Amino acid sequence: MIFHVLTIFPEFFEGPFAHGVVKRGQDAGLLDIRIHNLRDWTHDRHRTVDDRPFGGEEGMVLKCEPIFAAVESIWPERHPPGQKVVLLSAQGRLFDQSVANRLAECGELLLVCGRYEGVDERVREFVDEELSIGDYILSGGEVAALVVIDAVSRLVPGVLGCATSTADESFSHGLLEYPQYTRPPEFRGLCVPEVLRSGDHQAIARWRRQEALRRTYERRPDLLALAPLNDEERAFLATLRRSSHG
Ligand SMILES: C[S@@+](CC[C@H](N)C(=O)[O-])C[C@H]1O[C@@H](n2cnc3c(N)ncnc32)[C@H](O)[C@@H]1O
């Protein structure tokens, strides 16, 4: 999968992609991350990418011409849905696991990072999608682009090295993940649940599903409304509800 990032701070991305899963994905040729300096599409001596807003507000706004020129030069012809231009913006749709799954189906993404007071409104006419990583204001879209690239990269086939690695992760089936333990079996009086050391794979799978339900019920009950549950799981949830209300 190819990720293009359009930014006025290309150096920002020098460290984050040089580690872990994303680095391995690049080394294996499964991920190709191309950082583009927006200033390369300016034509004046100062390589100006921003200007004062009409109407007389404080701050500066990223101009639309270099952004349009950059996208049109990176993709002289656009082929959605395989190629998508995404604007990182606090006003966009909330980026979550379902959006990450959908974006992982694209062959190529071009992420536009805003700065200052944001981008000229006309850029919104030009992009395919606008995504926010949460209800807070960042100084620039670069941090959001990192989040999107990291979350989407994990879903690109082969990047995690094992097709089942994402299957039980939080949000993949609408639930938070069950608790995980590793050695030692006992630490300062805190013990690993017996069932996990029993070798009984059916019992372990059942325990994990129930603990995922319990954890989701306790921490993110909002997720349960959409989680696909079978009869046994619905009954377990009803027990949890009864015990917490009684
Ligand atoms: C200081 S912010 C501009 C905020 C804008 N004036 C507003 O009120 O919506 C500068 C840039 O950071 C990025 N940004 C800020 N918060 C973000 C968020 N929650 N998710 C994604 N991008 C964000 C966007 O690219 C934005 O153009």
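Preceding this paragraph is the structure being described.
Please read all numbers here as calculations on a predicted model, not as lab measurements.

Draft legend 1. Quick look at the overall build of the chain. A count of helical and extended segments in the chain gives seven helices and nine strands. Scaling as 2.2 N^0.38, a compact globule of 246 residues should have a C-alpha radius of gyration of about 18 Å, whereas the chain reaches 23 Å, well beyond that. A principal-axis box enclosing the C-alpha atoms of the chain has dimensions of 70 × 45 × 40 Å. The contacts in the chain between residues at least 6 apart in sequence include a share of 72% that link residues at least 24 apart. Within the structure as shown, the chain displays about 14500 Å² of accessible surface, and the carbon and sulfur contribution to it stands at 51%. Computed over 29 positive and 38 negative side-chain charges, the inter-centroid distance for the chain is 6 Å.

Draft legend 2. Spotlight on helix 6 (residues 201-219). The end-to-end C-alpha distance of helix 6 is 26 Å, a good match for the 27 Å that 19 residues give at a rise of 1.5 Å each. Within helix 6, the full set of buried residues consists of Ile204, Trp207, Gln210, Glu211, Ala212, Leu213, Thr216 and Tyr217. Turning to helix 6, the residues buried within the fold contact helix 7 (231-245). Measuring from the backbone nitrogen of Gln202 back to the side-chain oxygen at the start of helix 6 gives 3.2 Å, which picks out Asp200 as the cap.

Draft legend 3. Inspection of the site of the ligand at higher detail. Around the ligand, the surrounding shell holds 20 residues, and the nearest of these are Leu88, Gln91, Gly114, Gly134 and Tyr136. Contacts to the ligand include Ser89, whose backbone N or O atom sits 3.3 Å from a nitrogen atom. Contact distances for the ligand include 3.0 Å between a nitrogen atom and a backbone N or O atom of Glu117. Calculation on the ligand without its partners gives an accessible area of 580 Å², and the protein chains cover 84% of this total.

Draft legend 4. Spatial organisation of the state of the cysteines. This model, assessed by the stated rule, comprises zero disulfides. Note on Cys64: no disulfide assigned, nearest cysteine sulfur contributed by Cys113 at a separation of 17 Å.

What counts, and where the lines are drawn
Residues numbered from 1 in each chain as written. Predicted model: local features only at pLDDT ≥ 70, side-chain atom pairs only at ≥ 80, totals over all residues. Heavy atoms only, no water. Helix = DSSP H or I, 4+ residues; strand = E, 2+ residues; numbered from the N terminus. Rg over C-alpha atoms; globule rule 2.2 N^0.38 Å. Contact = heavy atoms within 4.5 Å. Areas by Shrake-Rupley, 256 points an atom, 1.4 Å probe, with all protein chains shown as cover. Lys, Arg positive; Asp, Glu negative; His and termini not counted. Charge placed at Lys NZ, Arg CZ, Asp CG, Glu CD. Expected span 1.5 Å × (residues − 1). Buried < 20%, exposed > 50% of the residue type's maximum accessible area, 1.4 Å probe, protein only. Polar contact = N/O pair within 3.5 Å; in protein donor to acceptor, adjacent residues only side chain to side chain. Near = heavy atom within 4 Å. Disulfide = S-S within 2.5 Å.

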